[in-house]
Amino acid sequence: MRLRSLLFVPGDRPDRMEKALGLEADALILDLEDAVAPQAKPAARQLTAEFLRSAKQGPMFFIRVNALDSDLIDDDLEAILDARPDALILPKAEGATSVRALAAKAPGIPILPITTETPAAVFELGSYRTVRHLILGLTWGAEDLPAAIGATNSREEDGSYTPPYEMLRSLALFGAHAAGVEAIETVYPAFRELDGLAAYARRARRDGFTGMMAIHPAQVPIINAAFTPTVEELAEAQAIIDAFAANPGRGALNFGGRMIDAPHLRQARRLIALAETASP
Ligand code: 1VU
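Reference entry: report on the structure contained in this document. What you see is a predicted model, and the numbers here were worked out from it, not measured in a lab. Residues take numbers from 1 onward in each chain, read along the sequence in its written order. Side-chain atom pairs in this predicted model are given and counted only at pLDDT of 80 or more, local residue features only at pLDDT of at least 70, and totals for whole chains, interfaces and linings cover all residues. To obtain the side-chain values, all non-hydrogen atoms of the structure were used and water was disregarded.

## Observations concerning helix α3 (residues 73-80)
Given 3.6 residues per helical turn, the α-helix brings residues three or four places apart onto the same face.
Thought 1: Accessible area is worked out with a 1.4 Å probe on protein chains only. A residue is then buried under 20% of its type maximum, exposed over 50%, and partly exposed in between. Working definition: helices are DSSP H or I runs of at least four residues, strands are E runs of at least two. Numbering for both runs from the N terminus. Taken as a whole, α3 has its buried residues at Ile73, Asp76, Leu77 and Ile80. Looking straight down α3, one finds its buried side chains confined to an arc of 90 degrees; they lie on one side.
Thought 2: Working rule for contacts: check all heavy atoms of both residues, and any pair within 4.5 Å makes them a contact. Looking at the buried side of α3, the elements it contacts are α2 (41-54), β3 (60-64), β4 (87-90) and α4 (96-105). Comment: arc refers to directions from the helix axis out to C-beta atoms.

## Some details on unusual backbone geometry
Thought 1: Although it is not a glycine, Glu24 sits at a positive phi angle of roughly 65 degrees.
Thought 2: Here Glu24 shows up in the loop between α1 (14-21) and β2 (27-31).
Thought 3: Its relative accessible area of 62% is what places Glu24 among the exposed residues.
Thought 4: Phi at Lys92 is positive, roughly 55 degrees, even though this residue is not glycine.
Thought 5: Position of Lys92 among the secondary structure elements: in the loop between β4 and α4.
Thought 6: For Lys92, a relative accessible area of 25% gives the class partly exposed.

## Describing the site of the ligand
Thought 1: Any residue with a heavy atom lying within 4 Å of a molecule or strand is counted as near it. The local shell around the ligand holds 16 residues, among which Phe8, Arg16, Arg192, Ile215 and His216 are the closest.
Thought 2: Between Arg64 and the ligand, the recorded distance is 2.9 Å, taken from a side-chain N or O atom to an oxygen atom.
Thought 3: Take Ile215: an N or O atom from its main chain is 2.8 Å from a nitrogen atom of the ligand.
Thought 4: Surface accessibility in these figures is a Shrake-Rupley result with a 1.4 Å probe; residues are shielded only by whichever protein chains are displayed. When the ligand sits alone it has 990 Å² of accessible area, and the protein chains cover 66% of it.
Thought 5: Mapped onto the shell around the ligand, the elements with two or more residues apiece are β1 (5-10) and α1.
Thought 6: The biggest single contributor to the shell around the ligand is β1, with four residues. Under the rule applied, a polar contact is a pair of N or O atoms within 3.5 Å (in protein, one hydrogen donor and one hydrogen acceptor; residues adjacent in sequence only if both atoms are side-chain atoms).

## Observations concerning the nonpolar core
Thought 1: The biggest cluster of nonpolar side chains holds 65 residues, and the ones touching the most others in it are Leu77, Ile80, Leu88 and Ile135.
Thought 2: When residues of this core are assigned to their parent elements, the largest contribution, six residues, is made by helix α7 (residues 163-179).
Thought 3: The contacts of Ile135, once residues within four sequence positions are left out, are Val99, Ile111, Pro113, Tyr128, Ala179 and Val181.
Thought 4: With 14 residues, the next largest nonpolar core counts Ile29, Ala87, Leu112 and Val187 among its residues. Throughout this description, the term nonpolar core refers to a set of buried Ala, Val, Leu, Ile, Met, Phe, Trp, Tyr and Cys residues connected via side-chain atoms within 4.5 Å.

## Remarks on the packing of aromatic side chains
Thought 1: Two aromatic rings, drawn from Phe, Tyr or Trp (for Trp, its six-membered ring), form a pair once their centres lie within 6.5 Å of each other, and the interplanar angle then sorts them: stacked below 30 degrees, edge-to-face above 60, tilted otherwise. A full pass over the atoms with the stated rule returns four aromatic pairs.
Thought 2: Between Phe51 and Phe61 the ring centres are 5.8 Å apart and the planes differ by 85 degrees, which places this aromatic pair in the edge-to-face class. Residue Phe51 is found in helix α2, and its partner Phe61 is found in strand β3; the two are separated by ten residues along the sequence. Exposure class is identical for Phe51 and Phe61. Each is buried.
Thought 3: Seen in terms of ring centroids, Tyr161 and Tyr200 are 6.2 Å apart; in terms of plane orientation they differ by 65 degrees. Their pairing is edge-to-face. Here Tyr200 lies in helix α8 (residues 194-207) and Tyr161 lies in the loop between α6 (144-149) and α7, a separation of 39 residues in the sequence.
Thought 4: Looking at Tyr161, the relative accessible area reads 7%, which means it is buried.

Here it is as structure tokens:
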């Protein structure tokens, strides 16, 4: 599975769904939650299900349903489950309990929870490893929690996260890796700032995220590039693997003036494996 870019498309916009098919996003997230106004929810369910039935080729098709404690999710699932989405995005998830509750309503469909949107969710970030068989990844959000706790913003003036949200990002990252699933970076809302996005996405991959959500077509190629290893990175990874192969029995080596040992070899192997899954 290659899951570098996941593009949100509002579920009541079939024109945008068609456009999204040609954008090389690895997955489309057809949204029934916050991108759809309350009065448009019934139409969005129907349009999303129709689109899913007619467009089975191309990217993976994920659907973001409404939250478990909304009175909307059962109608969402009734409308879309027959169309067999590749995964369900669960907003306002509060740990393994939420995942089990959705899995009971939608058996056999992998779940990608958004893990940091309520205060209680924060204390459940370590629990996802108990439901790793039900989830394909973890992602996080920096938009809903400030509203839930009366904070004025999750970002500093320069766009970086304030300490509480930087902490949440780290917990979501390690929660995903503890569960052994994809770690998906949250959206970059300033969709006209492409240089800022490129730096943000590079930082995400550097930190251990494996992919990232997008909200606008222009973000997709930038995210794909950031999560695709460069030729130079691959060459270095191969050289590290070769160096250990040429020195069997040695735990630590001099690699051009710097020490490499077991973690560097693991990292190099992981990068080569990542490139193999990222090849079309
Ligand atoms: O040039 P065209 O007319 O052919 O196409 C437009 C526009 O339709 C298209 N486009 C999109 N196509 C597919 N998917 C999209 N998400 C999408 N967004 C735009 O691209 C062409 C240019 O559009 P634009 O630059 O004029 O953009 P607008 O000002 O019309 O729209 C900007 C927003 C941000 C409103 C739009 O991109 C959008 O609706 N994005 C998705 C929002 C969303 O789903 N938000 C919820 C998830 S965020 C979250 O919850 C974080 C955890």
